[in-house]
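Architecture and fold: a report
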Amino acid sequence: PRIGPTFQIILSGVPDLKPDATRMVPEADIYDVDLFRTEKRTIETMKRLNKTVVCYFSGGTYEPNRPDSKEFATVDKGNRLAQWPNEKWLRLPSRSVRRIIENRIKLAREKGCDAVDPDNIDGYGAAGGGVGLTKRDSINFVQFLSKTAANYNLALGLKNGLEILPDVKHLVHFAVNEECVKNNECGIYESFTAKDNKPVFHIEYPVNKPQTLPDTTRKRWCADKDSRKLQMRNFQTVIKLKNLDGWVLYCDGSHATT
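Now for a look at the structure at hand. Here the structure is a predicted model, which means the values were calculated and not measured.

The rules we used
- Residues numbered from 1 in each chain as written.
- Predicted model: local features only at pLDDT ≥ 70, side-chain atom pairs only at ≥ 80, totals over all residues.
- Heavy atoms only, no water.
- Helix = DSSP H or I, 4+ residues; strand = E, 2+ residues; numbered from the N terminus.
- Buried < 20%, exposed > 50% of the residue type's maximum accessible area, 1.4 Å probe, protein only.
- Areas by Shrake-Rupley, 256 points an atom, 1.4 Å probe, with all protein chains shown as cover.
- Lys, Arg positive; Asp, Glu negative; His and termini not counted.
- Charge placed at Lys NZ, Arg CZ, Asp CG, Glu CD.
- Disulfide = S-S within 2.5 Å.
- Expected span 1.5 Å × (residues − 1).
- Contact = heavy atoms within 4.5 Å.
- Salt bridge = Lys/Arg side-chain N within 4 Å of Asp/Glu carboxyl O.
- Phe/Tyr/Trp six-rings, centres within 6.5 Å; stacked < 30°, edge-to-face > 60°.
- Lys NZ or Arg CZ within 6 Å of the ring centre and 35° of its normal.
- Pairing = 2+ DSSP bridges.

Here we take up the overall build of the chain. Broken down by element type, the chain carries seven helices and 13 strands. Expressed as lengths along the three principal axes of its C-alpha atoms, the size of the chain is roughly 45 × 45 × 35 Å. The proportion of buried residues among the 258 residues of the chain is 55%. In the form shown here, the chain has an accessible surface area of approximately 12,000 Å², with 48% of it arising from carbon and sulfur atoms. One way to put it: in the chain the 40 positive side-chain charges average out to a point 2 Å from where the 33 negative ones average out.

So, about the state of the cysteines. Enumeration over the complete set of coordinates arrives at three disulfides. Each sulfur of the disulfide joining Cys55 and Cys113 lies 2.0 Å from the other. Measuring handedness by torsion sign, the sulfur bridge of Cys55 and Cys113 sits at about -80° and is left-handed. Here Cys55, found in strand β3 (residues 52-58), pairs with Cys113, found in the loop between α2 (95-111) and β7 (115-119); they are 58 residues apart in sequence, far enough to count as distant. We note that Cys55, like Cys113, is buried. Here Cys180 is linked by a disulfide to Cys186, with a sulfur-sulfur distance of 2.1 Å. Taking the sign of the S-S torsion, 85° for the link of Cys180 and Cys186, the bridge is right-handed. Among the residues examined, Cys186 registers a relative accessible area of 1% and is labelled buried.

This part is about helix α3 (residues 135-151). When the terminal C-alpha atoms of α3 are compared, their 24 Å separation across 17 residues agrees well with the 24 Å that a helix rising 1.5 Å per residue should span. All of the buried residues in α3 are Asp137, Ser138, Ile139, Phe141, Val142, Phe144, Leu145, Ser146, Thr148 and Ala149. On its buried face, α3 is in contact with α2, β7, β8 (155-159) and α4 (165-168). A positive backbone phi angle near 60° is found at Asn153, which sits one or two residues after α3.

With that settled, consider the side chain of Glu87. Relative to the assigned elements, Glu87 resides in the loop between β5 (77-80) and β6 (88-90). Summary of buried charges: Glu87 has no salt-bridge partner, and the nearest side chain of opposite charge, Arg66, is 7.3 Å away. What Glu87 contacts, discounting residues up to four positions off in sequence, is Ser58, Thr61, Tyr62, Glu63, Asn79, Arg80, Leu81 and Asn120.

To describe a pair of aromatic rings, you give the distance between the ring centres and the angle between the ring planes. Under the defined criterion, the tally for this structure stands at five aromatic pairs. Between Tyr189 and Phe192, the aromatic rings sit 6.3 Å apart at their centres with planes inclined by 65°, giving edge-to-face as the arrangement. Accessibility classification places Tyr189 together with Phe192 in one group, the buried group. When the ring centre of Tyr62 is taken as reference, the NZ or CZ atom of Lys77 above it lies at 4.0 Å.

On to the pairing of strand β1 (residues 7-10). On β1, burial covers both faces: Phe7 and Ile9 on one face and Gln8 and Ile10 on the other are all buried. Where β1 meets strand β2 (residues 30-34), four bridges bridge the pair, whose relative direction is parallel. Note that in β2 the partner of Ile10 across the bridge is Val33.

Spelled out as structure tokens, the structure:
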């Protein structure tokens, strides 16, 4: 994905677009949307409107409500996620898991996506996810994702996983980060954005409802010393609600709802 002035990510819904739509709100260059929920015709309309379409799916967890959920074997499912108790960590080295994930990448190509955003590749940070996951497992998994995405002519993003960034940065084309200001981690991307010239799409989540979000909070997230330095180096920030619906707030104070 090319770097642009704005991006938008919507995972709890889909862009409300008619086939003859002439514009999108907001007029972001890049849209990150849910692979399964977003129909091919919607993606075709987005592409006609010159949007770069990134398709999201969970690469490292089992979700019970996906069309292919029944294909995951019980032996490949680990512990429940702390924040998302309906999900379970997956055994990344499993051939069965990788077959299902490859089919998801293939579906992204069939729907017309430009890139994929596989989430939850960092189960090593959750006590191995209950299936003994290590950093090496995640590195190997990103290698698998990179090769598979390339086979389908898709760009690949790295979602979080900062601990393995030095080992996999040559395998991915962009990164998606959640709350690096809150976690004091934005500076880790400096080489990725400046030396490797790859974009980072950064999300911070407010506790308060958007209409009560203080300007001081927005400015702190956008003017953090690390994020401010990176803003000029392929680093783009949005403020979103945790459910990742259509509402978005940008660093200049403008906001929109898709």
